[in-house]
Amino acid sequence: MSEATQEDHTLIYLDICPYGDMEIALTTPTIDVTYRVSSHQLCSASSVFRAMLGPQSSFSEANELRRHQRSSSTASSECSLFRITAEEEYDPTALATVLYVLHGRVEYIPESVNFEGLLEIAIICDYYDCAATMRPWDEIWMNPLQSLTSKPGYESWLFIAWVFRNQSAFGKMTESFSKCSVIVNGEFQILVDGNAKALDCHLPQGIIDAIADQRAKIGEEIVRTCRSIITKYEADNPIKCVYGVRTCDYLIFAGLCKSFKSMNLFDADAGLPTNLDLTTIVKTTISVLCDGLGSILLNLKTGSDYHSTCYNNLLIVQSLQSLLERIKPLSLTSFSRKLATSETRLQWERFLHTEGSFSRQIRRTDTDVFHLNVYEYGDMQIVLKTNKIHATYTVSSHQLRAGSPIFRDLLGQGSTFQEHIRHCHEQTLDTGLHAEYSNQETHYQLEIKKDYDPTAFSIVLYLLHARVQILPESMDFEDVISTLAICDHYHCSALLQPWNDKWIKSWRRLWKSSGYENWLFVAWVMGEGIIFQTLTKKFAQRGIFRNNEFLIAIEDDLERVDKDLSKFIPQAIIDAIIEQRNTAAEKIIQACRDIYEKYSNESTTKCRSKAGKICDHFIFGELHLGFKAAKLIQADAFNFPQNISLNRAAADLYKLSTTVMSNFDHLILGGNSHSGCAGDVVALAKSAQAALSGVKPLPLTVFGRKPAEKQVVSWDKVLSSTEEVAK
């Protein structure tokens, strides 16, 4: 980010995409901002930009962009970038935030946005038709503001709900506005603290009309209900009073006239009052009848009978309330807008079987072959082959370079990698920026020689291309591991930050549980320092070897289950855990060897009661049998067994010490008690426990990785948060 001041006008340059091929200029009365962006990313995320700049566009902007691309590809030095001007006077911070999201620049996206900021973001997303690509940031921003939907002054929440397909807020507010709205000079408006207010000007007229239509339909029925009661009591005969008292009818008619005249409902041709909302009509009518007329009739008496029955027979209160309750929340689907929770968000197992432009299954043999258009107008293809699936992904090299340092080195400007040379050669065969799109068979293909899960790989590619609309809401734990492995390899795990709550958080509570040992890998990729340290210590204490493979022993009183760690965990981490285990194991073996040699030495007596060597022989026998049982002695030599964990060894030695102590508590030899002679064995158990406790947790920094520090970018710092990037 660079900033300058010209007279009283601030000039800001934001490198949204340091490798972008175009600029967007935005001018406001106080600030001019230029955003460097990728036309490929914009076209991928926005139908408006795709129509303006896409490969099939005939607009002058698209032609000019292609001319710039051809010029820059042949120029020896960097030439000026293609530039367009934002036609609307958008909020600069909101536009920067939207562009950061579209380019996957997670580190510069604010996690909280105030209501005004969210409204500005919604306006931009609605205009450029890119709201779906804000996922899941839209949910992160909206959730803390949900309580404002019912508060005065936040009526524009309806527009936000419309743009980001929030059915809960949309339904709640359309129902409320249908009940609390009026017509002012022919314009539909809502009542806010008693004052009429027009709805957000950006809201589609069809939504406003639907709310007004619901008000009109229910309002007409309310008027008809009120008119039917008046008509009934206007006629003198028959008498409606159940006791035949005409005065009772007159009182009811007078009360109705008072109420309905105050609301212009008395005139049969008046129709629904435009200046009153439905809630007011119903509440006023009920108030007059219940508080005024009701109290009079309750005191009117004929003989021993009160006229409350005549009042109850009106049933107008129940009728009006039931009519008001017939106003329902409007559905987004009524306006041809799919809900945010639509089935377009695919389950994990359906990803390679999506329909339309995303994927097509070419043939089905022993090996399934798929082609996925991650980016329809991509300039290259990635090929991933496993034993069961061959997947080809059409992608944009620009997006790959922008989101991944590995792809940047592989395909970026100045790269000497053969892949980049071949890629450039393929592109020079074409004339024009997008000519290669016409024949995908000539695309350069990059084969990934890794045993990655094809579905996980497709999800990472969709993330890199900001095509988040169909990403799954949740993942199985093994799917999380597969996805993290790819993100870790391509150094793009930051893209997962906003998806943490959906994909990873639900598994967090299980990181200590058996079967979830690979949380170590999650902690490694996501920078979870405390979890990483805890698990490295735990695994050093529980680690064993079987057939030269390092496993984690999960033991209880009944059985032991050995768990292997993910193949994606760096070997350096496994080696460091093994080193910790071996160091502690050597300490335990040395302690065992020392006490064993001490009691096997016949030249000195260790018995504290000085009763001869028979006591020493007893202890030596217990030690020998105990070490044999714990498998610490093999072929008459001390070696820490490969298939025994530090935990198990320490537990066995503690058990040995309690056995010896129990046996010696009541041992009497030569008239002396030998309860204190087991002290050396107790000390041995303590030494083993000390070696176990001495296993140190390994910090992430040992392996050159810093714990994740949540970078909180506040809304007012978005325009100044970008680090200076060399162009």
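Fair warning: this is a prediction, and the values are worked out from it, not measured in the lab. (Residues numbered from 1 in each chain as written. Predicted model: local features only at pLDDT ≥ 70, side-chain atom pairs only at ≥ 80, totals over all residues. Heavy atoms only, no water.)

Visitor: It is not clear to me how the packing of helix H8 (residues 167-179) against helix H9 (residues 205-234) should be interpreted in this structure. Could you clarify?
Guide: How two helices sit against one another is set out by the angle between their axes and by the gap between those axes. Contact geometry for H8 and H9: axes closest at 8 Å, N-to-C directions at 50°. Judged on the interaxial angle alone, H9 and H8 are oblique. The two elements H8 and H9 cross, and the hand of that crossing is right-handed. Between H8 and H9, the contacting residues are Phe-170, Thr-174, Phe-177 and Ser-178 on the first element and Ile-207, Ile-211, Gln-214 and Arg-215 on the second. Here the contact of H8 with H9 is built from residues that sort into four nonpolar, three polar and one charged. (Axes fitted to C-alpha atoms, helices over the stretch in contact; angles between N-to-C directions. Helix = DSSP H or I, 4+ residues; strand = E, 2+ residues; numbered from the N terminus. Parallel < 35°, antiparallel > 145°, perpendicular 65-115°, else oblique. Left-handed = near helix turned anticlockwise from the far one by under 90°. Contact = heavy atoms within 4.5 Å. Nonpolar A, V, L, I, M, F, W, Y, C, P; charged D, E, K, R; others polar.)

Visitor: Looking at this structure, how should I read the pattern of salt bridges?
Guide: This model, assessed by the stated rule, comprises 14 salt bridges. A salt bridge links Glu-155 to Lys-197; the shortest N-O distance between them is 2.8 Å. Of this pair, Glu-155 sits in the loop between helix H6 (137-142) and helix H7 (157-163) while Lys-197 sits in strand S8 (residues 195-198); the two residues are 42 residues apart in sequence, bridging distant segments of the chain. For Lys-197, a relative accessible area of 34% corresponds to the partly exposed category. (Salt bridge = Lys/Arg side-chain N within 4 Å of Asp/Glu carboxyl O. Buried < 20%, exposed > 50% of the residue type's maximum accessible area, 1.4 Å probe, protein only.)

Visitor: Help me understand the environment of Leu-102 in this model?
Guide: Relative to the helices and strands, Leu-102 is located in helix H4 (residues 92-102). Owing to a relative accessible area of 2%, Leu-102 belongs among the buried residues under this scheme. For the pair Leu-102 and Gln-41, spaced 61 residues apart in the sequence, the C-alpha separation amounts to 6.8 Å. Not counting residues up to four positions away in its chain, the partners in contact with Leu-102 are Gln-41, Leu-42, Ala-45, Cys-130, Thr-133, Met-134 and Ala-466.

Visitor: I would appreciate a short explanation of the packing of aromatic side chains in the present structure.
Guide: The geometry of an aromatic ring pair is captured by the separation of the ring centres together with the interplanar angle, meaning the angle of the planes. With the rule as written, the count across this model stands at 28 aromatic pairs. Note on Tyr-393 and Phe-457: the rings are 5.4 Å apart at their centroids and 55° apart in plane angle, and the pair reads as tilted. Separated by 64 residues along the polypeptide, Tyr-393 in strand S14 (residues 389-395) and Phe-457 in helix H17 (residues 454-464) bring together distant segments of the chain. Residues Tyr-393 and Phe-457 agree in their burial class; the two are buried. Taken together, the ring pairs connect Tyr-393, Phe-407, Tyr-452, Phe-457, Tyr-490, Phe-521 and Phe-568 into an aromatic cluster. (Phe/Tyr/Trp six-rings, centres within 6.5 Å; stacked < 30°, edge-to-face > 60°.)

Visitor: Would you explain the environment of Ala-25 in this entry?
Guide: Its place among the elements puts Ala-25 in strand S3 (residues 22-27). Once the C-alpha coordinates of Ala-25 and Tyr-13 are considered, the two residues, 12 residues apart in sequence, prove to be 9.3 Å apart. Each residue touching Ala-25, except ones within four places of it in the same chain, is listed here: Val-33, Arg-83, Ile-84, Thr-85 and Ala-86.

Visitor: Sorry, what's going on with the nonpolar core here?
Guide: With 187 residues, the main nonpolar core has Tyr-35, Phe-164 and Phe-627 as its most contacted residues. In terms of residue count, helix H22 (residues 571-600) provides more of this core than any other element does, 14 residues in total. Excluding its chain neighbours within four sequence positions, the residues that come into contact with Phe-627 are Cys-592, Ile-595, Tyr-596, Leu-632, Ile-633, Phe-638, Leu-653, Leu-656 and Leu-684. Of all hydrophobic cores here, the second largest spans 25 residues; its members include Cys-241, Leu-278, Val-282 and Leu-323. (Core = buried A, V, L, I, M, F, W, Y, C linked by side-chain atoms within 4.5 Å.)

Visitor: Even after reading the chapter, I still don't get H17, so can you show me in this structure?
Guide: Note that an α-helix has 3.6 residues per turn; residues three or four places apart therefore point the same way. Burial runs high along H17: 11 of the 11 residues are buried. Its side-chain oxygen at 2.8 Å from the backbone nitrogen of Thr-455, Asp-453 defines the N-terminal cap of H17. (Polar contact = N/O pair within 3.5 Å; in protein donor to acceptor, adjacent residues only side chain to side chain.)

Visitor: How should the sheet that holds S8 be read in this particular structure?
Guide: As summarised here, the arrangement of the three strands in space is S6-S7-S8, forming an open sheet in which the pairing is antiparallel. The strands lining the two open edges of the sheet, one partner per strand, are strand S6 (181-184) and S8. Between one strand axis and the next, the sheet turns by 50° as a mean value, whatever way the strands run. Of the pairings in the sheet, the one linking strand S7 (residues 187-192) to S8 comprises four bridges and is antiparallel in character. Paired with Gln-189 across the two strands is Ala-198, which belongs to S8. In the packing of H9 onto the sheet, contacts are made with S6 and S7, and the angle to S7 comes to roughly 75°. (Pairing = 2+ DSSP bridges.)

Visitor: Explanation requested: the pairing of strand S12 (residues 368-373) in the structure shown.
Guide: The side chains of a regular strand alternate, residue by residue, between the two faces of the sheet. Burial of S12 is extensive: six of the six residues sit out of reach of the surface. A two-sided burial pattern is seen for S12, the buried positions comprising Asp-368, Phe-370 and Leu-372 on one face and Val-369, His-371 and Asn-373 on the other. Relative to S14, S12 is paired through six bridges, and the arrangement is parallel. Considered in S14, the bridge of Asp-368 is made with Ile-389.

Visitor: What is the right way to look at the side chain of Glu-155 in this model?
Guide: The exposure class of Glu-155 is buried, given its relative accessible area of 9%. A distance of 2.9 Å separates the side chain of Glu-155 from the backbone nitrogen of Gly-153, its partner in a polar contact.

Visitor: Honestly, the packing of helix H18 (residues 477-489) against helix H19 (residues 500-508) in this entry has me stumped. Any pointers?
Guide: Where H18 contacts H19, the two axes come as close as 10 Å, and the packing angle between them is 125°. One way to sum up the angle between H18 and H19 is to call them oblique. Classified by chirality, the crossing of H19 by H18 is left-handed. Where H18 approaches H19, its residues Phe-477, Val-480 and Leu-484 are matched on the opposing element by Trp-503, Ile-504 and Trp-507. Partitioned by chemical class, the residues of the contact of H18 with H19 number six nonpolar, no polar and no charged.

Visitor: Looking at this structure, how should I read unusual backbone geometry?
Guide: With the exception of glycine, most residues fall at negative phi, and the peptide bonds are largely trans. A cis amide bond links Arg-135 to the next residue, Pro-136, at an omega of 0°. Phi angles above zero are rare outside glycine, and Arg-165 is one such case at about 60°. Since its relative accessible area comes to 28%, Arg-165 is described here as partly exposed. Positive phi, normally seen in glycine, also occurs at Ala-466, with a value near 55°. On the secondary structure map, Ala-466 appears in the loop between H17 and H18.

Visitor: Just checking my understanding: could you explain the pairing of strand S5 (residues 82-85) for this structure?
Guide: Burial of the side chains of S5 is restricted to one face: Phe-82 and Ile-84 are buried, whereas none of Arg-83 and Thr-85 on the reverse face is. The pairing of S3 with S5 spans four bridges and is parallel. Residue pairing in the sheet places Ile-24 in a bridge with Ile-84 of S5.

Visitor: Can you help me understand the environment of Lys-598 in this one?
Guide: Here Lys-598 lies in helix H22. When the C-alpha positions of Lys-598 and Asp-616 are compared, they lie 9.8 Å apart, and in sequence the two are 18 residues distant. Beyond its immediate stretch of four places on either side in the chain, Lys-598 contacts Lys-606 and Asp-680. A polar contact of 2.9 Å, which involves the side chain of Lys-598, links it to the side chain of Asp-680.

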